Amino acid sequence: MPNNHLLGGAIAIIATVHLAIQIPGVNLRTITYGSPRVRIAPYNFVNGLGVMNRINNKQDPVPILPGRSFNFAHTEGEIHIVNSSAWVSCPGQDNTNSQCTIGYVPNILVGNVGDHLGPYDEVYLGQC
C-alpha cells in the first residue's frame, strides 16, 4: 500500500535527523500524516533534534506498522483524529491510551485502510 505521504512521512523523520546533525543549532519542526514507524534508535536522541508532530486519522492501520516487536518506534508528538473528528494530543511515544492510535487500532484487523487517506481537517491526501 505504498504511497507518497506514507513514504514521505518516514523520509521526513529520517531527514529531520540528518539535517539536525549536519546543521547544528538549526530549529526544525516535522509534521507527518499517517506515517509508519521508523527504525532509528535511540528515540530520545531523535525527539531532542526538533519538534515532531504525527497526525494519525481514525482507524488508519499504517501508523501501527511495522510492529514494535521488530524494534521500530514512533517519535513523540502524536495527534490522533478520533471517529468524532476531534483531535486528541497523545504525549510520549506509541501511547497506548484508548484515544491514541495504538489503543484505537490495536492490530491491523481492526484498521480501516480508507482512513489512511483522510480526511485530515476535511483534506484528503490522495489514493493508495
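Refer to the structure above for everything that follows.
First, a word on scope: everything that follows refers to the structure included in this document. Starting from 1, residues in each chain are numbered consecutively following that chain's sequence as written. Thresholds applied to this predicted model are a pLDDT of at least 70 for local features of residues and 80 or more for the giving and counting of side-chain atom pairs; totals over whole chains, interfaces and linings are not thresholded and use all residues. Side-chain calculation: all heavy atoms of the structure are included, whereas hydrogens and water are not.

A word on the state of the cysteines
Stage number 1. Counting rule for disulfides: a pair of cysteine sulfur atoms within 2.5 Å. Inspection of every chain in the model, using the stated rule, returns 1 disulfide.
Stage number 2. One disulfide in the model links C90 with C100; its S-S distance is 2.1 Å. A torsion of -105 degrees about the S-S bond marks the disulfide between C90 and C100 as left-handed. Remark: C100 occurs in the loop between β4 (87-90) and α3 (101-104) and C90 occurs in strand β4; sequence separation between them is 10 residues. Judged on exposure class, the residue C90 and its partner C100 are both buried. Runs of H or I in DSSP of at least four residues are treated as helices and runs of E of at least two as strands, each being numbered from the N terminus. Relative accessibility thresholds used throughout: buried, under 20% of the residue-type maximum; exposed, over 50%; partly exposed, between the two (1.4 Å probe, protein chains only).

A look at the pattern of salt bridges
Stage number 1. Definition used for salt bridges: Asp or Glu carboxyl oxygen within 4 Å of a side-chain nitrogen of Lys or Arg. Going through the model one piece at a time under the given rule, you end up with 1 salt bridge.
Stage number 2. Between R37 and D94 there is a salt bridge, with the nearest N and O atoms lying 3.2 Å from each other. In this pair, R37 is assigned in the loop between β1 (29-33) and α2 (43-47) and D94 in the loop between β4 and α3, connecting sequence segments 57 residues apart. In this structure, R37 and D94 share a single accessibility class: buried.

Describing unusual backbone geometry
Stage number 1. Following L65, the chain continues to P66 via a peptide bond in cis, the omega torsion being -25 degrees.
Stage number 2. Examined against the element boundaries, P66 turns out to sit in the loop between β2 (51-57) and β3 (78-81).
Stage number 3. Put simply, G118 and P119 share a cis peptide bond, and its omega is 10 degrees.
Stage number 4. Structurally, P119 is set in the segment after α3.
Stage number 5. In the Ramachandran plot, D94 falls in the positive-phi region, its phi being about 50 degrees despite a non-glycine side chain.
Stage number 6. A residue is classified by how much of its surface remains accessible, and D94, at 9% relative accessible area, is buried.
Stage number 7. Located in the positive-phi region is D121, a residue other than glycine, with phi close to 55 degrees.
Stage number 8. Mapped onto the elements, D121 comes out in the segment after α3.

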